[in-house]
Amino acid sequence: MNSPVAFLGMTFFVVPCAPVLSSGSTPPVDPRQVQPERPTVATHAGTVAPGYLEIETGVESDRNRDGTHSFLVPNEIKIGLAPRVQLSGFIPVQGETGIPLGIGDVAAGIKWRLIDGDGPLQRFAVLPLIKFRSGGDRGTNTTDFGLLLIDSREIGPASVDLNAGLTRHGGDGSTVSRTSTFWTVAGAIPVAGPFGWQLECFGFPGPHGPAGTAPIVAVLTGPTLAVARSLALDGGIIVPVTGPQSRAFYAGLVTNLGRLKR
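These notes cover the structure that comes with them. Bear in mind the structure is a predicted one, so any value in this text is a computation, not a measurement.

Thresholds, definitions, all that
- Residues numbered from 1 in each chain as written.
- Predicted model: local features only at pLDDT ≥ 70, side-chain atom pairs only at ≥ 80, totals over all residues.
- Heavy atoms only, no water.
- Helix = DSSP H or I, 4+ residues; strand = E, 2+ residues; numbered from the N terminus.
- Buried < 20%, exposed > 50% of the residue type's maximum accessible area, 1.4 Å probe, protein only.
- Contact = heavy atoms within 4.5 Å.
- Areas by Shrake-Rupley, 256 points an atom, 1.4 Å probe, with all protein chains shown as cover.
- Core = buried A, V, L, I, M, F, W, Y, C linked by side-chain atoms within 4.5 Å.
- Pairing = 2+ DSSP bridges.
- Salt bridge = Lys/Arg side-chain N within 4 Å of Asp/Glu carboxyl O.

**Side note on the overall build of the protein chain**
Along the protein chain, the regular secondary structure elements total 0 helices and 15 strands. Within the protein chain, buried positions represent 52% of all 262 residues. In the protein chain, once contacts between residues fewer than 6 apart in sequence are set aside, the share between residues at least 24 apart is 53%. Summed over all atoms, the accessible surface of the protein chain reaches about 11,000 Å², with 67% contributed by carbon and sulfur.

**Observations regarding the nonpolar core**
Counting 18 residues, the largest nonpolar core has Ile-150, Phe-202, Phe-204 and Ile-238 as the members making the most contacts within it. Every element with two or more residues in this core is listed here: β8 (123–131), β9 (144–155), β12 (195–204), β13 (216–228) and β15 (247–259).

**Remarks on the pairing of strand β11 (residues 179–192)**
Pairing between strand β10 (residues 158–169) and β11: 10 bridges, direction antiparallel. Pairing of Asp-161 across the sheet is with Ala-186, part of β11. As defined by bridge partners, β11 adjoins β12 across 9 bridges and the pair is classed as antiparallel. Residue pairing for β12: Ile-189 is matched across the bridge by Trp-197.

**A closer look at the pattern of salt bridges**
Scanning the entire structure with this criterion turns up 11 salt bridges. Notably, a salt bridge pairs Arg-229 with Asp-30, separated by 2.7 Å at the nearest N-O pair. Of the two residues, Arg-229 sits in the loop between β13 and β14 (231–242) while Asp-30 sits in the segment before β1 (52–63), which places them 199 residues apart along the sequence. Arg-229 sits in the partly exposed class, given a relative accessible area of 45%. Judged by relative accessible area, which is 25%, Asp-30 ranks as partly exposed. Asp-151 is the salt-bridge partner of Arg-153, the closest N and O atoms lying 2.8 Å from each other. The burial state of Arg-153 is the same as that of Asp-151; both residues are buried. The network of salt bridges with common partners includes Arg-84, Arg-113, Asp-116 and Arg-123.

Shown next, in the form of structure tokens:
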């Protein structure tokens, strides 16, 4: 799996890295400072500086319980539109046993941070999303609309991100349930110098209906590395706790390419 649009039925993640990279709990002073959302389901309340471009990409290899395999290249393009507003575009490249590698369902959304403060919600954002039925056999063959609620905060040296999402799927519900939800709790902490560690627990309550599935709970964990202010790397594993979640290995990078031309 992998993305803030994982709850739209897609397969790509987003999670903050260690605070040394900027987790979204505290806004970076440098507009070139990367703000990684990958590689998990969770995302943070941070947004790219207005006029700046940031790209996230990576690879993920999944082994399913039935012995089949899938491969994913999750790609996200982030553009700052205003001090608290970011345009996010998702273009996954994926394939699996019997289906060749190609572009899956693409999606887009606007992240809008509503709160910056020290109250019960330190940093709170919303992310409405739309996913298009562009991937054929590599997607769900439905057009989906989702809403993600994001709470980011700092607890000592650690950063914590809480997400809850609701998706309304197109179609008649025979192949994909009409409504699905998800939750996730993600944390990151600096370890030594540019190295950090991230840990996430996420879940997809089983939707009902003809296309219903068993509930999923899984854990994602792995190291992060701040190579430079504008480049961060990550890697790790995804381990199922319950439900039909695949075991997976992932690696990726986030880079801030600077300000777009006016």
